[in-house]
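Report on the structure
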Amino acid sequence: MIVRQLPEGIVNRIAAGEVIERPAAVVKELTENALDAGASRIDIVAGGGGRRLIRVSDDGSGMTRDDLVLCVERHATSKLRGDDLLDIRTLGFRGEALPSIGAVARLTLTTRHAGEPHAWALTVDAGAKGEAMPAALAKGTRIDVEDLFSATPARLKFLKSDRAEAAAIADVVKRLALSHPTVAMSLADDDGGTRTWPAQPFGEAGLLARIGDILGRDFAANAMAVDVSRHGVRLYGFAGLPTLNKATAASQFLFVNGRPIRDRLVLGAIRGAYADVMPRDRHPAAVLFIELDPHEVDVNVHPAKTEVRFRDSALVRGLIVGAIRDAIARAAPTTASTLGAATVTAFRQPAGRAPHGGSQAPLRDWRASAFRPFAGGFAEGAQPAFAMDMAPAADARAAAGPVPEIVADLPLGAARAQLHGTYILAQTRDGLVIVDQHAAHERLVYERMKRHMAEAGIARQALLIPVVVELDPADAARLLARADDLAAFGLVIEGFGPGAVAVRETPAMLGEVDAEALTRDLAEHLAEWDTTDPLEQRLLAVASRMACHGSVRAGRLMKPAEMDALLREMEATPGSSQCNHGRPTSVSLSLADIERLFGRR
C-alpha cells in the first residue's frame, strides 16, 4: 500500500469532522470568537435547526482586510501569545473553526475594524476561497453559514431532527450566556421566537440575575452562594439546596476560566458533595466557575474543548466538595421554597382527583362518616364522635403562650403542636413549619455519629489471619500510596510482594466484611477517580442505618420542651434540612401560601 499526501480539501473536511460534528458546534465556535473579540452584544439566528442558516453577529473589535483573508486559513489565529500551548487565555486558540466550517458549507464573513474606512466581506464555498470585497457594516463582525454539510452529504444523515438540533444550539448558547453575564445575547429560530438575555452588571448580583433568566426563578431563589480560594484556585458560583434536586444532571453548568466544560472529575466532585444529603436517583443543580492559572489546566485534550485536565485534580476536587458541603451546612435548616409550593398544590388538589396522574381513590359519602354532624346542628348537645381523635397528639399552646420575639425570628420558630404523633407544627414570624420528627432526629443522630468518628477515629478489628489480595501491580501501588488515608477509615493494608497487598485490619463498624472484595473495589475506584470514597461511603451507610434505628420513631408523643429542643438542634446542625436518605425534614409555608389556600390572594 502506497503512502500519499492527501489533498488540502480532503484534509480540511477531515478536520471539520473533528471540530464541527453538528450545527451546535458551529454556533459554539462562532460565539466564542465573538466573545474573544470583546463583544458586548451577540445576536444568533438559526434556521432549519442550523442546517439551512446560522448567523452570528457581534459588536466586537472586527478584523482588518489582511486578517480577514488570513483567518480562513488552517491554523491561523490571533489568540496565542508566542508558542506556549499552556498559556491559553481565550476560548479559541487552534485556528481550525473557520476553515473547517468553510470546508463543509458556504461561509460568508463580513467585518469592519475601527482602523478601516469600510467593511470587508469574504466567502468560502465548500473549501473554495473567494476574494475580499468591500461591504457595508457599521461595526464588529457578522458570519453567515449556509447549507451546512452540503459538501459532505453523508454527514447530514447523522443529524437529528430540526427540533433536536435547535435544542442543542439553545443549550450551547445558554452555557455561553451563563459564562459571560455582562454580554447581552439573543437567539432567534424558525418558530419566530427570540430568546433574549440582557447584559447584567459585573458581580454576584449580576451573575445571579443571569442564572435566574436561564435556569428560572426557582433556582435563583434556592441557590447557595459559593466563593472559596485555595492554592491559587478559585471556585465561585451558586449551588442549589439539596431539596431542590432534579431527575437529570442537565441543570449542572461548569466553567473553567470562562470556558463551558463537561468534565467527569468536576461532575463527580459535585455528586460526591451532595452524596450524603440527596437520594441516589436525583441530581443537584449548580452553576460553578473555576479560575486558575492557565498553566495549571490543559484545555487542549479534546477536539471540542469540552474536557480539561487539571495538573492537581485532587486539589480541585477537594475544593469543590468542601465548598459545597460548607454551603449546605450554612444553609441548614433551610429547605427549597418549591416544597412549599408543592404543598399548596397538594392542599388545593380537587377532591377525588389523584395528583400526578396516580390512581384515584374511591369517593366516600360524608354521610356515612363517624364524624358527620348531627341532624340537629352543632349547637345541640355533646358530639363525642366529632371530637374523637381530632385533638393534636401533643399541644404546646397552653404551655408556650405567645411566641417570644426571639423564637419567632428563628428559622424553625416555636413548636405549637404534634400531629398524629409524627409531625411537629411550628409557628414562625411569617408562617408555619411542618417537621417530620423521625426524619429530623435521624439526621441529628447521624451527624453526631459522624462527629464522633471524626474526633475519636474509626474503631478497627484485627484479622486473625491477614487476607492477601493479588492485584495488578499498578493498582497495588496506588493502594499502598493511599495506605495512610485508608488507615484513617479503619482499613490497614501493607505490601505483600509484587502486585499484592495484605489486609490486616478492617473497620469494626462493617462487622464481618469481605476484605478482598472491599480492597478490589477500592483499587478500581482509585484507578479512575484517585479517591477513597467507596470505603467512606460504606462506613457512612452503616452509620446512617444505625442512626435510623436509634432515632425518635414516628408515633412517639413528645412534650413541648422536647419538640422545641429538636427544632433548636436542627437549626444548629449542618445538613438537617434533609434526612439520611435525602428526603426533606421540614416544609415551610408562608402566610402568603396559606392565604392562597383560602383564596385571599
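Up top is the structure these notes are about.
Source: prediction; values computed, not measured. (Residues numbered from 1 in each chain as written. Predicted model: local features only at pLDDT ≥ 70, side-chain atom pairs only at ≥ 80, totals over all residues. Heavy atoms only, no water.)

1. Concerning the overall build of the chain
Quick reminder of the rule: Helix and strand definitions follow DSSP, with helices as H or I runs of at least four residues and strands as E runs of at least two, each counted in order from the N terminus. The classification of residues rests on relative accessible area computed with a 1.4 Å probe and restricted to protein chains. Under 20% of the type maximum is buried, over 50% is exposed, and intermediate values are partly exposed. By definition, residues are in contact when any of their heavy atoms lie within 4.5 Å. Only the protein chains shown count as cover for residues, and the accessible areas themselves come from Shrake-Rupley with a 1.4 Å probe.
Looking only at helices and strands, the chain has 21 helices and 26 strands in total. When each of the 601 residues of the chain is scored for burial, the buried share is 45%. Look at the contacts in the chain between residues 6 or more apart in sequence, and 68% of them connect residues 24 or more apart. Of the accessible surface of the chain, which amounts to about 30,400 Å², a share of 54% is contributed by carbon and sulfur atoms.

2. Digging into helix α7 (residues 204–215)
Cut-off, in case you're wondering: What a helix should span is 1.5 Å times the count of its residues minus one.
Here α7 spans 16 Å end to end across 12 residues, near enough to the 16 Å set by a 1.5 Å rise per residue. For α7, every residue scored as buried is listed here: Gly206, Leu207, Arg210, Ile211, Gly212 and Ile214. On the buried face of α7, the contacting elements are α6 (162–179), β8 (184–188), β9 (194–197), α8 (217–221), β11 (233–240) and β16 (286–291). Looking one or two residues beyond α7, the residue adopting positive phi is Gly216, at roughly 105°.

3. Some remarks on the pattern of salt bridges
Cut-off, in case you're wondering: Here a salt bridge means any side-chain nitrogen of Lys or Arg lying within 4 Å of a carboxyl oxygen belonging to Asp or Glu.
Tallying each qualifying case throughout the model produces 27 salt bridges. In this structure, Asp171 and Arg175 form a salt bridge, with 3.1 Å as the shortest nitrogen-oxygen distance. Here Asp171 pairs with Arg175, and both are found in helix α6, just four residues apart, close to one helical turn. The partly exposed category is assigned to Asp171, whose relative accessible area is 23%. Relative accessible area serves as the criterion here: at 9%, Arg175 is assigned to the buried category.

4. Concerning unusual backbone geometry
With a phi close to 50°, Ala126 is a non-glycine residue in the positive phi region. Of note, Ala126 is situated in the loop between β4 (119–125) and β5 (128–129). Backbone geometry at His231 places phi at a positive 50°, although glycine is not the residue there. Looking at where His231 falls in the secondary structure, it is placed in the loop between β10 (223–230) and β11. The exposure class of His231 is exposed, given its relative accessible area of 71%.

5. With respect to the sheet that holds strand β25 (residues 500–507)
Inclusion rule: The pairing criterion is simple: DSSP has to find at least two bridges between the two strands. Geometry is summarised by axes, namely lines fitted to C-alpha atoms with helices restricted to the contacting stretch, and by angles between N-to-C directions that run from 0 to 180 degrees.
Here three strands make up an open sheet; going across it, the order is β23-β25-β24 and the pairing antiparallel. In this open sheet, the two edge strands, each paired with only one partner strand, are β23 (460–470) and β24 (492–495). Here the average twist between neighbouring strands, direction ignored, is 20°. Pairing analysis gives four bridges linking β24 to β25, with the strands arranged antiparallel. Note on β25: the bridge partner recorded for Gly495 is Val501.

6. Looking at the nonpolar core
Operational definition: Buried Ala, Val, Leu, Ile, Met, Phe, Trp, Tyr and Cys residues form a nonpolar core when they are joined through side-chain atoms within 4.5 Å.
Counting 60 residues, the largest nonpolar core has Ile42, Leu107, Leu109 and Val145 as its most contacted members. Considering every element that reaches this core, the biggest residue donor is α6, with eight residues. The residues touching Leu109, leaving out its near neighbours within four places in the chain, are Met63, Leu68, Cys71, Val72, Leu98, Trp120, Ala121, Leu122, Arg142 and Ile143. Judged by nonpolar contacts, the second largest core, of 37 residues, contains Tyr274, Leu292, Leu315 and Ile324.

7. Remarks on the environment of Ser179
So the rule is basically this: Polar contacts, as counted here, are pairs of nitrogen or oxygen atoms within 3.5 Å of one another; within protein the pair requires one atom able to donate a hydrogen and one able to accept it, and residues that are adjacent in sequence qualify only if both atoms are side-chain atoms.
Take Ser179: it is sitting in helix α6. Along the primary structure Ser179 and Pro260 are separated by 81 residues, whereas in three dimensions their C-alpha atoms are 7.0 Å apart. Setting aside its immediate chain neighbours within four residues, Ser179 contacts Phe255, Gly258 and Phe289. A polar side-chain atom of Ser179 sits 2.7 Å from a polar atom in the side chain of His180.

8. Examining the packing of helix α15 (residues 437–456) against helix α20 (residues 560–572)
Which entries qualify depends on this criterion: When an angle is under 35 degrees it counts as roughly parallel; over 145 it counts as roughly antiparallel; between 65 and 115 it counts as roughly perpendicular; any other value is oblique. Two helices cross in a left-handed way if the nearer one is turned anticlockwise from the farther one by less than a right angle. They cross in a right-handed way if the turn is clockwise. Classification used: nonpolar for Ala, Val, Leu, Ile, Met, Phe, Trp, Tyr, Cys and Pro, charged for Asp, Glu, Lys and Arg, polar for all others including Gly.
Their axes nearest at 10 Å, the elements α15 and α20 cross at an angle of 50°. Classed by the angle they form, the pair α15 and α20 counts as oblique. Note that α15 runs across α20; the crossing there is left-handed. Seen from α15, the contacting residues are Gln437, Ala440, His441, Leu444 and Arg448; seen from α20, they are Leu566, Glu569 and Met570. Per-class residue counts for the contact of α15 with α20 are four nonpolar, two polar and two charged.

9. Some words on the packing of aromatic side chains
Convention followed: Note on aromatic contacts: the rings of Phe and Tyr and the six-membered ring of Trp form a pair at centre separations within 6.5 Å, being stacked when their planes are under 30 degrees apart, edge-to-face when over 60 apart, and tilted otherwise.
Scanning the model with the defined rule gives two aromatic pairs in all. Taking 5.1 Å as the distance between ring centres and 10° as the angle between the ring planes, the aromatic pair formed by Tyr236 and Phe289 counts as stacked. Of this pair, Tyr236 sits in strand β11 while Phe289 sits in strand β16; the two residues are 53 residues apart in sequence, bridging distant segments of the chain. We note that Tyr236, like Phe289, is buried. With a centroid separation of 4.7 Å and an interplanar angle of 15°, the aromatic rings of Phe255 and Phe289 are classed as stacked. Of this pair, Phe255 sits in strand β13 (residues 252–256) while Phe289 sits in strand β16; the two residues are 34 residues apart in sequence, bridging distant segments of the chain. A relative accessible area of 1% means that Phe255 is categorised as buried.

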